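Coordinate inspection notes
Here is how the chains run, residue by residue.
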Amino acid sequence: MGLMGFHMFTNNTDIVKFYEASSSNGIEEPKGVPKFLEMQECYNICMAAYKEVMAMAVKANTWVVEVPLLGSIEELQQMFRAPPSPGMEIEYSIESGVVPFKLETVVAAMTNVDEWASALSNIVHHRTDEVPSGVMSNLACNTPPHTRDNFKGVKTINAELLLPMPCMPTRKFSFVRFLRQVIPDVWAVVDVSTDYFPHIDSTLKVNCKRRPSGVIIRRRDDHSEVIWIENMEVQKCNVQDSIYSGVINSNLAFGAKRWISTLSTKEKRIESRFVTLRLPNNFSQVRVALLTLTRRLKKAYLNYITEHPDETKWDLLSDTGVQILKDTDAEGKDNYMAVTTFRVKATPSTVFNFLVKRTRELQWSHLEEMEEPEEVITLVTDDDSNCITLHAKSVMQTESAENFEYVLQEASRDEFCSFIIASPISQSEVNSALGLGRSSCALRPFGFSIIPDGSRGLLSGTSLVTMAFQRELDADLETSEVIEGMSNHVSDIVGAINEAYSAVTVGEEATEL
């Protein structure tokens, strides 16, 4: 494969000539040769990061077969290969795959930070981006003559990566991201930590370091072939430290394979088909409304199960095994939330299939005393990895009208993590969302996330299940009574899972952590 080379600055005279040319194009000219040298240093670090990404792809025997010739930057590459800092370790993975997007769509999703976070919301919890300032801003504008395509979309990104468990520390990174065309129809998106740039000050207090990482993308008709490289310096996790140690040490939670799987999930979800549609509405409008509502539902759930829920919305009352929080925004109501994680001695897929059927009953026990709710909408992907359902139950009937209680639920899974998240919805909200296309329903997520406990991934014989739910309690209850009531409800649900699950899988049980 022939690869386009980079222009290298060779001396200060070249730099001065370059900036004289830049100034004539209306670009602000740095003052003094030291600024030029800083520019050269940042430029070379970016080139070295790009070369390192390509070298890792070649070493892994992917379809990239040649490392680009970029001049004498081996010393900078060695910087990326230095031993990790004390208390840190390297977490590395590389995976090739095909995603159901055109090349342009993948490139846009990776370079637009909002799209990137949305498409990968199961992993990316929070992000901010900014156009580089100072020397880096000149780098973004002024790639050397004859190589104007060297860097595109240069930006600094602060990101927090989340595993859906409240006891799992959020991974915080600050890195530079840029886009580079390798050859026609092949692009590389490269990330490299701001720590490597002496002239960049990060605004985020990080706990992890992003060594050269990225995605190499090649056009394949209406799809894209991707090589995903994750190369991080993270905090060491002793297996005996906590319940999530085995998950992290497996290198599956944030591995390249999971990123590709999560990216593919977005397109599969958009292409979902109706299996059931018993409400008289426009197909297209209902699809958009359901996808929007369930996206909001998952976002709310993920916000609940973070290491530190939003302190402006939730007051933490207790954190002894079960997090009990009070909603500070609930006007005229005393709304509380409980979050906990427990183990189930069964494979993730077995637990997922069980909870898909039982989530409604576990949350709304009064449904058990009624006839089975009717499934009025089912929207499912071709591979059954994502299923959105709307169930209806008649709760009041008069001579002139029949009223219904609805339950909206989405069950989704990828190569590592699965979710079953539901919320009650009133009849008026269903009419508004599905009939008028409005998505301003007051969602109250209740649900589960399921991840494998161990290094065997989906084949692991034990699963870690995180549950979150909300309840309205009497306003005159003391805090101790709230904590006791919510904790008892958690125990009841875990007990119900244990009892019902044991009935269908003899010898396997759920134990609260």
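Our structure's up above, just so we're on the same page.
Description of helix α8 (residues 256-270)
The terminal C-alpha atoms of α8, which comprises 15 residues, lie 23 Å apart, in line with the 21 Å expected from a rise of 1.5 Å per residue. Counting buried residues along α8, eleven of its 15 residues qualify, which places the element largely inside the surrounding structure.

Considering the environment of Gly-87
Tracing the chain through its elements places Gly-87 in the loop between α3 (74-80) and β1 (88-99). When the C-alpha positions of Gly-87 and Lys-236 are compared, they lie 5.8 Å apart, and in sequence the two are 149 residues distant. Discounting chain neighbours no more than four positions away, the residues touching Gly-87 are Val-234, Gln-235 and Lys-236.

Some points on the side chain of Arg-269
Along the chain, the position of Arg-269 falls in helix α8. At 3.0 Å, the side chain of Arg-269 forms a polar contact with the backbone oxygen of Leu-291. Not counting the four nearest positions on each side in its chain, Arg-269 is found in contact with Leu-291, Thr-294, Arg-295, Thr-381, Asn-386, Ile-388 and Glu-410.

A short note on the packing of aromatic side chains
Inspection of the entire model under this criterion finds eight aromatic pairs. When the ring of Tyr-301 is compared with that of Phe-419, the centres are 6.3 Å apart and the planes differ by 85°; the resulting orientation is edge-to-face. Of the two residues, Tyr-301 sits in helix α9 (residues 283-304) while Phe-419 sits in strand β16 (residues 418-426), which places them 118 residues apart along the sequence. Across the pair, Phe-419 and Tyr-301 agree in class, each one buried. Centre to centre, the rings of Phe-446 and Phe-469 are 6.3 Å apart; their planes meet at 50°, and the pair counts as tilted. Residue Phe-446 is located in strand β17 (residues 446-452), and its partner Phe-469 is located in strand β18 (residues 463-472); the two are separated by 23 residues in the primary sequence. Every member of this aromatic cluster is reached through a ring pair, and the members are Phe-446, Phe-448 and Phe-469. The ring of Trp-116 has Arg-177 lying over it, and the distance from NZ or CZ to the ring centre is 4.5 Å.

A word on the environment of Lys-299
Following the sequence through the fold, Lys-299 ends up in helix α9. Here the alpha-carbon distance between Lys-299 and Ser-118, two residues 181 residues apart in the chain, equals 9.7 Å.

Topic: the pairing of strand β3 (residues 152-161)
For β3, a buried count of eight out of ten residues is recorded, marking the element as mostly surrounded by other parts of the structure. Where strand β2 (residues 124-130) lies against β3, six bridges are found, and the strand directions are antiparallel. Across the sheet, residue Val-124 finds its bridge partner in β3, namely Leu-161. Alignment of β3 against strand β4 (residues 171-183), held across eight bridges, turns out to be antiparallel. Within β4, the position partnered with Thr-156 by the bridge is Val-176.

Basis of the calculations
- Residues numbered from 1 in each chain as written.
- Predicted model: local features only at pLDDT ≥ 70, side-chain atom pairs only at ≥ 80, totals over all residues.
- Heavy atoms only, no water.
- Helix = DSSP H or I, 4+ residues; strand = E, 2+ residues; numbered from the N terminus.
- Expected span 1.5 Å × (residues − 1).
- Buried < 20%, exposed > 50% of the residue type's maximum accessible area, 1.4 Å probe, protein only.
- Contact = heavy atoms within 4.5 Å.
- Polar contact = N/O pair within 3.5 Å; in protein donor to acceptor, adjacent residues only side chain to side chain.
- Phe/Tyr/Trp six-rings, centres within 6.5 Å; stacked < 30°, edge-to-face > 60°.
- Lys NZ or Arg CZ within 6 Å of the ring centre and 35° of its normal.
- Pairing = 2+ DSSP bridges.

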